[in-house]
Amino acid sequence: MPERWYQQAVIYCLDVETFQDSNGDGVGDLRGLTSRLDYLARLGVSTIWLNPIHPTPGRDDGYDLTDYYAVDPRLGTLGDFVELVHQCDNRGIRLIIDLVVNHTSDEHPWFVSARSDPDSPYRDWYVWSPTEPPNAEEGVVFPGYQRGTWSHDEQSDSWYHHRFYAFQPDLNWSNPAVREEIGRVVAFWLELGVSGFRMDGAPFVIEEVHPDTADRVMHYEWLNDLRDLIAWRRGDAVVLAEANVPREQILEFFGPRGDRLPMMFNFAENQQMFLALARGSAAPLVTAVQSSPAIPPAASWATFLRNHDEIDLSGLRESERADVFAKFGPDKDMQLYDRGIRRRLAPMLGGDPERIRLAYVLQFSLPGTPVIRYGEEIGMGEDLSLDQRNAIRTPMQWADAPQAGFSPAEETVRPVIAKGDFGYPAVNVRDQQRDPESLLSWFQRVLPVLRESPEFGSGKCTVLDTRHEAVLGLRYDCPTGSVLAVLNLGTDAVTVDLSPQPGVTDGFPVDVFADRDYPAAGDLSAVELAGSGYRWLRLSRAVGA
Ligand code: NOJ
């Protein structure tokens, strides 16, 4: 079994404030989450990633924070956090937290001090310009909601840089004092027992910004320093980075010797998955997997279908994006920032159980470690009446009970989805736990199989020629054995011939997971698949076959 735990992990992302309220104030909290750990253990989750848990004015779901060393009092205390870590340990679950170090809230005491006095010790912790920079309106991340990347600060009559919203001033990483402080932040949370971090906006963290030019120098060496620090403090800790950058640049983030960030979200493949599902064609993924750069052995992709943000389709060609919009987000209100879709997966796929399961098997079949988001396992929907990305950040639906069993309070942090096909009376954990045919029961079956198949996380992946436009075939080999994943992205039943390919006919193919009982795959010359069908076939196993 390979050593690197994160290559065999199943990561579950959640926002504490919308997961489970324990004290009746309408806001989810750490004690509430702790009370639900057995649910996550049974689901087959091995690692939990918490969206930001720090004190915040709450203008960007916690990504605007005011104290790196504390827990948002609405969520609990540091004591509750340590207890959560302990209870995770008891169940063999690891915890990672968001590391938001590109920027702070404009209400962070550092920025309050920096803007109030040019001689403040924190003045150089942010990026300033005495006059309006010529490129002040370029590079916005949230078009329609963000005017530019430099804003005027009246208090100090100067301009400050912010990659994201104006209330999120960027920290000046060129200042060694900032890097040292972030090192202390990282060390602090490692000491409290986290197994690593999800690093927010990694490319923006390491760019050196000057007011007079749009050119940016990228300081990848700062990532080496971060990695070194983490490795010294906790050898097996991981950094899972958000870097939605062109493929050529990705390798720089992993580092030429895998000595920077060990794990990166695969944004490019995320978009190709939606294109493939929209078109019922395997072609986008064949190209994506084949053209994916080889990454260092210790490095790993993280795959995802939905995260807490919009689905960013900006990497697709215009005609491709149009197809995905037409199929999955046709109304203007479902789209966001001129590039994405602000919906959850189940409604995008029309609530069709076969397509939903196919989509997840597709995600799990691609190279890398899967990340799933709370509520996906029961097929939750979105509330488009909520602003921007909040549409997909509604409370977890635990039961057909008041406030979906999330909270006894009359008012909750965000309204629960109460009506329609995806409201809590129709979609909730309790009902699905009792139904062996439910999506939740299916997740409880597929995740253990995935974890029993380390090939998916760390094997060598080869794309098979299935000679069928709709069928994706992937083979994984690693010292533990070999598996095939064969998926029909179309809706018509097919039979594919995988036999003449070198190396494919070894072993005795056994279905380890499939959408239904199929005739044995035999010599692989006639592998049957139903419309939207899928099969994971084990070819050989080194030990315990
Ligand atoms: C990326 C996060 O995923 C997103 O939710 C947030 O708004 C921005 N970073 C700004 O922190």
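The rules behind these values
- Residues numbered from 1 in each chain as written.
- Predicted model: local features only at pLDDT ≥ 70, side-chain atom pairs only at ≥ 80, totals over all residues.
- Heavy atoms only, no water.
- Domains from an automatic or database assignment.
- Contact = heavy atoms within 4.5 Å.
- Buried area = accessible area lost by both parts, 1.4 Å probe.
- Polar contact = N/O pair within 3.5 Å; in protein donor to acceptor, adjacent residues only side chain to side chain.
- Helix = DSSP H or I, 4+ residues; strand = E, 2+ residues; numbered from the N terminus.
- Nonpolar A, V, L, I, M, F, W, Y, C, P; charged D, E, K, R; others polar.
- Axes fitted to C-alpha atoms, helices over the stretch in contact; angles between N-to-C directions.
- Left-handed = near helix turned anticlockwise from the far one by under 90°.
- Pairing = 2+ DSSP bridges.

A short note on the domain arrangement of the chain
Taken domain by domain, the chain holds domain 1 (5-102 + 175-450), domain 2 (109-161) and domain 3 (460-541). Taken over C-alpha atoms, the centre of domain 1 sits 29 Å from the centre of domain 2. Taken together, the 22 residues of domain 1 in the interface contact 17 residues of domain 2. Note on domain 1 versus domain 2: buried area summed over both sides is about 1500 Å², and carbon and sulfur give 65% of it. The three residues of domain 1 that bury the most area against domain 2 are Val209, Pro211 and Tyr337, which together make up 32% of that side's buried surface. Counting across the domain 1 and domain 2 interface gives 3 residue pairs in polar contact (both at pLDDT 80 or more). Taken together, the elements giving at least two residues each to the side of domain 1 that touches domain 2 come down to helix 5 (176-191), strand 8 (207-210) and strand 9 (213-218). Of the residues assigned to the side of domain 1 that touches domain 2, the class counts are 9 nonpolar, 5 polar and 8 charged.

Some details on the packing of helix 9 (residues 267-279) against helix 11 (residues 318-328)
Helix 11 packs onto helix 9 with a crossing angle of 65° between their chain directions and a minimal axis gap of 9 Å. Two packed elements cross with a definite hand, and for helix 9 against helix 11 that hand is left-handed. Contacts between helix 9 and helix 11 pair Phe274, Leu275, Leu277, Ala278 and Arg279 from the former with Ser319, Glu320, Asp323, Val324, Lys327 and Phe328 from the latter. Classifying every residue of the contact of helix 9 with helix 11 by side-chain character gives 6 nonpolar, 1 polar and 4 charged.

Section: the sheet that holds strand 18 (residues 471-478)
Read from one edge of the open sheet, 5 strands run 17-18-19-23-21, paired in antiparallel fashion. What marks the edges here is a single partner per strand, and that holds for strand 17 (460-463) and strand 21 (510-514). On average, each strand axis in the sheet is inclined to that of its neighbour by 20°, with strand direction left out of account. Bridge count between strand 17 and strand 18: 4 bridges; the pairing is antiparallel. Looking across to strand 18, one finds that Lys460 is bridged to Asp477. Taken strand by strand, helix 10 (residues 283-291) contacts strand 17 and strand 18, and its axis lies near 140° from that of strand 17. Strands strand 21 and strand 23 (534-541) of the sheet are contacted by helix 15 (residues 439-451), whose axis makes an angle of about 135° with strand 21.

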